[in-house]
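# Tertiary structure, described
Okay, here's what each chain looks like letter by letter:
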Amino acid sequence: MNKLRASSILLLSTLLVIVMALAGCSNNDNNAGNTASTTPSQTTSASPSDEQPKALEPYEVVMVYPDAPQKDQDAVEDAMNEYLSTTYPDLNVTVKLNPIDWGSWGDKTNLMMASGDKFDLFFTAGWLGFETQVNKGGLLPLDDLLAQYGPDIEAVEKDYHDAARRQGKLYGIHTHQELGNQQGIAFSKELVDKYNFDLTVLKSGNLKDLEPMLKTIQENEPGVTPFVGPAWPLDAYFGSSSLDEVIGGFGIDVSTDPSNYKVVSRYDMPRYIELATLTRDWFQAGYINKDGLTQGLDIWQKFKAKKAFATMADMEIVADSNIGEPKPMPSRSASVGMEIIQVPMNTDRLQTGKMTATMQTISKTSKDPARTMMLLNLFFKDQKLLTLFNFGIEGKHYVLKDGQVALPDGQTQDSVGFYHDIMWQIGNQMLNYTRQGEDPNKYSNYESFNQLIAQKESRLFGFVFDSDPVQNELIALDNVKKEFEDGIKSGQMDPEKNLPRFIEKMKAAGMDKVIAEAQKQVDEWRAATGK
């Protein structure tokens, strides 16, 4: 309790300084208009002569994030609000949890932004529309808010903000987590053992060496899909192993050849064509599920139902994990209730794009951005608040056993009322508990892995593309991509016929102009940095 009391005192002191500084300033008409204030909303003083600091008005922060519906969401929300009111009374803030199912995330959030709905804290990512959200003016710049109200964010993330800057302004706060990943293949251990598959053949790094195993499963395991999407080789493998990213999500990258800084279209690269053709061959052979493009599809439910053998995935960070060497996948095994094996086939470099892969930002419709940033800062310092959001109410949704989170006796993931795995979406992950069955050293492994990644810096690390000169072209390219890319990378479209059509339409939408602008900016960045 002493730590909690100290936190409240520190917060109150900070607010007092801000309020007293503001009290000496007259209202300025220049503050009117569409620019959101970075000052917390305050009540009017009861008397003109009252020298007491003005209390902050009650404010509800609406948190919008992708997640499956949770039966006990209201109970968890109430518990979070009770904790906030008890521990940080001077903040005078409550939360409203507004999860949106993955399957309808894009449509619903686009409509919310277009309609000007009021919401505050918002999950975003380079792969989830961040560029478009910035270009359309849906997000607030965070620089001043972070400087005033984000000391605990800065304590762990101050070196990684540049990736989320656009035109010199910061629009996203990276979750403090692993700085990269390994990509590879996850397998059902039960089926690997049943057929005595030798997974070490994958040390070759050639995905084609997986084919004999897929063929065996198809011929001998009715009802089991050999390889399940929507995680495909062109998602989990091509990007990280073949590219230094220039423009996330739009398919324009820089060759990894150390002597070549030419900006190219990924869709023209031989490696892309090779993997697209391989995926198409697997689809036609019946190795890949036909429902891979269904919105909201959870491939791990297929594993849980014992209807899947393998998938592409980001690997879990475990100790002594080397390319081509099978290792247990403890967190995923715990979540699906069966043993999963992982075989890494690539290790990331430190890339700018990774720093925009999981972010929190603030909507331009927020009525109190300052209070929203104060709340976000708490997720980077307060383990109790973070635990409520991630695991629910202790004793009801989880219990602690030997320092790890476990289900209460008699409960299952489906029955407990609040169970999800979205710890990676917000705050300081190093404060999180591990689940029973996970490696207790999971987060210390993260720290060790981060040291490794930091030594493998991308040649373009720190480069951020300014999309403003080609905003219209990027939006047009995104529309073309929606028509072709998922079909090609899932194997459902024949790349021999459709890839040329795709490239032709991308060129018509302005691909060459975007490439030229990217090349210009890369060359200027190299000249300025001496790269």
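Residues numbered from 1 in each chain as written. Predicted model: local features only at pLDDT ≥ 70, side-chain atom pairs only at ≥ 80, totals over all residues. Heavy atoms only, no water.

On inspection of all chains with the given rule, the structure shows two cavities of 30 Å³ or more. Of the voids in this model, the largest cavity is the one considered here, and its volume is about 40 Å³. Here the lining of the largest cavity is composed, by residue class, of three nonpolar, four polar and two charged. Counted as a void, the second largest cavity has a volume near 30 Å³. Contributing to the lining of the second largest cavity are Met-63, Val-64, Tyr-65, Leu-121, Gln-360, Phe-389, Gln-425 and Ile-426. The greatest single-element share of the lining of the second largest cavity, amounting to three residues, is contributed by strand 1 (residues 59–66). (1 Å grid on protein atoms, 1.4 Å probe; cavity = no way out; pocket = protein on both sides within 12 Å on 5 of 7 lines; lining within 4 Å. Points joined across faces, edges and corners; volume = space filled by probe spheres on them. Nonpolar A, V, L, I, M, F, W, Y, C, P; charged D, E, K, R; others polar. Helix = DSSP H or I, 4+ residues; strand = E, 2+ residues; numbered from the N terminus.)

A few words on the side chain of Thr-387. The topology assignment puts Thr-387 in helix 15 (residues 383–391). A polar side-chain atom of Thr-387 sits 2.7 Å from the main-chain carbonyl oxygen of Gln-383. The residues contacting Thr-387, other than those within four sequence positions of it, are Gly-392, Tyr-398 and Tyr-433. (Polar contact = N/O pair within 3.5 Å; in protein donor to acceptor, adjacent residues only side chain to side chain. Contact = heavy atoms within 4.5 Å.)

Looking now at the sheet that holds strand 13 (residues 327–328). Reading across from one edge, 8-12-7-14-13 is the order of the five strands in this open sheet, with mixed pairing throughout. Edge positions in the open sheet fall to strand 8 (225–227) and strand 13, since each of these has one partner strand only. Relative to strand 12 (residues 308–314), strand 7 (residues 182–188) runs antiparallel, the two being bridged by five bridges. Counted as the bridge partner of Gly-184 is Ala-313 from strand 12. (Pairing = 2+ DSSP bridges.)

Below, the discussion takes up the confidence of the model for the chain. Detailed conclusions should not be drawn from predicted coordinates in areas where pLDDT is low. Averaged over the chain, the pLDDT score is 87; the fraction of residues at 70 or greater is 88%. Contacts for the low-pLDDT stretch residues 43–49, under 50 throughout, to residues beyond four places or in other chains number five contacts. (pLDDT = per-residue confidence, 0-100.)

The strand order across the open sheet built from five strands is 2-1-3-15-6, with neighbouring strands paired in mixed fashion. With partners counted over all chains shown, the strands left at the sheet margins are strand 2 (93–100) and strand 6 (173–174), one partner each. As defined by bridge partners, strand 6 adjoins strand 15 (residues 359–362) across two bridges and the pair is classed as antiparallel. Across the sheet, the residue bridging to His-174 is Met-359, located in strand 15.

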